[in-house]
Amino acid sequence: MIEKSRKTNLVHLARALTISLTAFGFSLTIPAFAQDDVMTPIATPAQPKAIELGTGVLPDATASESWHSQYKSTFARNVTVATLTPFLPKKGKATGAAVIVAPGGGFRTLSMSNEGWDVAKALADKGVAAFVLKYRLKQTPAEMAAFEKSMAEMFSGAARASRPLADQDPAVEFAAQIADARAAFALVRERSKEWRVDADRIGMIGFSAGAMLTISTTLYGKDAKPAFIGDIYGPLTKVDVPADAPPLFVALAADDPFFANAGYGLIDSWRAAKRPVEFHLFEQGGHGFGMYPKTTTSTGWFDSFVRWLDMHGYLSKK
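Residues numbered from 1 in each chain as written. Predicted model: local features only at pLDDT ≥ 70, side-chain atom pairs only at ≥ 80, totals over all residues. Heavy atoms only, no water.

1. Some thoughts on the nonpolar core
By size, the foremost hydrophobic cluster in this structure holds 81 residues, and its most contacted members are Leu123 and Trp301. With seven residues, helix α5 (residues 175-190) is the single largest residue contributor to this core. Residues contacting Leu123, with those up to four places away along its chain left out, are Val99, Val101, Val128, Ala130, Phe302, Phe305 and Leu309. (Core = buried A, V, L, I, M, F, W, Y, C linked by side-chain atoms within 4.5 Å. Buried < 20%, exposed > 50% of the residue type's maximum accessible area, 1.4 Å probe, protein only. Helix = DSSP H or I, 4+ residues; strand = E, 2+ residues; numbered from the N terminus. Contact = heavy atoms within 4.5 Å.)

Rendered as structure tokens:
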């Protein structure tokens, strides 16, 4: 039964993997409202608090990490060494709860500010320790022009996965990223006293591809065992939910061009397993809204997430 369940999960997640890494690629983090869409190379920002996770250098990597700005946000690509950056609440405000934050970007880039640092700062302000995971990425061309061309081709659908879905095991496809997430959980637990974190109250939230990583970490991350998880505009494909699955929070816009029209299998799966789940389907918001201030109600996802954390006791000291 366990093996059958695993195979079912692999097929469903593989289908989402194929869609996200081929048809959509970089566009997974494009906010529909943005006009400033020019990719501008920038110097690597100072990251004095970033801690290397010890998962090693991405195998066979040839391009070095680089950064660019777009949509008034900051993006990293060709990440070959995973890091974790703590954003800790003030001592008297800390509740003991913590969240690993996984930005999105189609596993080709990471939306570090809109879906990483800004989220972490907002959580820390609520008393929740937050840790931004800069996980290793699939390689892209080093030169910006070539990178833009490759993303355009990917978005147009010119590049398609050649292997059958049955051969695309997410536990293998995401192996490096899941290893990074596991290492992040291990590090936070190892330094939990120093960071005023309860080792059994560490959750994870991800955006788009980061949401895929969050679900994959929950299903295949072995010792990660997040206490709660957030899936923000990720694919809602059906999975087999383990009996001890953590509470799940989901936010998606009904006009999301990628994941709004494929059903709500993930929600149904959690409910069928009688595990806690909360689902917010916003009328408008597009994809990649993150912490961008917008006039749509999707901007309220963070406040709803905080209220959900409070309902589960994570805004109060244990």
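Don't stop here, the text continues.
2. Brief notes about the sheet that holds strand β3 (residues 66-70)
Read across the sheet, four strands follow the order β1-β3-β4-β7 without closing on themselves; strand pairing throughout is antiparallel. Here the strands that pair on one side only, and so sit at the sheet edges, are β1 (40-42) and β7 (109-111). Between one strand and the next, the sheet's axes are offset by a mean angle of 35 degrees, whatever the strand orientation. The sheet contact formed by β3 and strand β4 (residues 73-77) spans five bridges and is antiparallel. Note that in β4 the partner of Ser66 across the bridge is Arg77. (Pairing = 2+ DSSP bridges. Axes fitted to C-alpha atoms, helices over the stretch in contact; angles between N-to-C directions.)

3. Description of the pattern of salt bridges
As enumerated under the stated definition, the model contains seven salt bridges in all. Between Arg136 and Asp180 there is a salt bridge, with its nearest N and O atoms 3.0 Å apart. Residue Arg136 is located in the loop between β8 (129-134) and α3 (144-156), and its partner Asp180 is located in helix α5; the two are separated by 44 residues in the primary sequence. Exposure class is identical for Arg136 and Asp180. Each is buried. Its salt-bridge partner being Arg201, residue Asp198 comes within 3.0 Å of it at the nearest N-O pair. Exposure remark for Arg201: the relative accessible area of 6% places this residue in the buried category. (Salt bridge = Lys/Arg side-chain N within 4 Å of Asp/Glu carboxyl O.)

4. A few points about the sheet that holds strand β11 (residues 248-253)
The eight strands are arranged β2-β5-β8-β6-β9-β10-β11-β12 in an open sheet whose pairing can be described as mixed. Two strands close off the open sheet at either side, each with one partner strand: β2 (51-52) and β12 (277-282). Across five bridges, the pairing between strand β6 (residues 98-102) and strand β9 (residues 202-207) is parallel. Bridging from a neighbouring strand, Val101 pairs with Ile205 of β9. This element, helix α7 (residues 265-272), spans β10 (229-232), β11 and β12 of the sheet and lies at about 155 degrees to β12.

5. Let's talk about the environment of Leu53
As for its placement among the helices and strands, Leu53 is situated in the loop between β2 and β3. When the C-alpha atoms of Leu53 and Arg182 are compared, they prove to be 9.5 Å apart, with 129 residues separating the residues in sequence. Leu53 has contacts with Ala82, Thr83, Leu84, Leu133, Asp180, Ala183, Ala184 and Leu187, leaving out every residue within four places of it along the chain.

6. A short note on the pairing of strand β5 (residues 83-87)
Regular strands have side chains that alternate between both faces of the sheet. With respect to burial, β5 is a largely interior element, five of its five residues being buried. Covered by surrounding structure in β5 are Thr83, Thr85 and Phe87 together with Leu84 and Pro86, the residues of both alternating faces. Pairing geometry for β5 and β8, over five bridges, is antiparallel. The residue bridging Pro86 from the neighbouring strand is Phe131, located in β8.

7. Some thoughts on the pairing of β12
Where β11 meets β12, six bridges bridge the pair, whose relative direction is parallel. Pairing of Ala251 across the sheet is with His280, part of β12. At this point the chain moves from β11, through α7, to the parallel β12, and the crossover so formed is right-handed. (Right-handed = clockwise from strand over helix to strand, strands pointing away.)

8. Quick notes on α5
Taking 1.5 Å of rise per residue, 16 residues should cover 22 Å, and α5 covers 22 Å from first to last C-alpha, within 8% of that figure. When we look at burial in α5, the residues that qualify are Ala176, Gln177, Ile178, Asp180, Ala181, Ala183, Ala184, Phe185, Leu187 and Val188. (Expected span 1.5 Å × (residues − 1).)

9. Notes on the environment of Pro86
Checked against the element boundaries, Pro86 lands in strand β5. The exposure class assigned to Pro86 is buried, which follows from its relative accessible area of 12%. When the C-alpha atoms of Pro86 and Trp195 are compared, they prove to be 8.7 Å apart, with 109 residues separating the residues in sequence. Apart from residues no more than four positions distant in its own chain, Pro86 is found in contact with Lys49, Ile51, Ala130, Phe131 and Trp195.

10. Here's the deal with the packing of aromatic side chains
One pass over the full model with this rule turns up 16 aromatic pairs. Measuring from centroid to centroid gives 5.0 Å for Phe131 and Trp195, while their planes differ by 45 degrees, and the two rings are tilted. Placement of Phe131 in strand β8 and of Trp195 in the loop between α5 and β9 is noted, with a sequence separation of 64 residues between them. Neither Phe131 nor Trp195 differs from the other in exposure class; each is buried. Geometrically, the ring pair formed by Trp301 and Phe305 is tilted, given 6.2 Å between the ring centres and 40 degrees between the ring planes. Here the residue Trp301 and the residue Phe305 both occupy positions in helix α8 (residues 301-311), the gap between them amounting to four residues, near one helical turn. (Phe/Tyr/Trp six-rings, centres within 6.5 Å; stacked < 30°, edge-to-face > 60°.)

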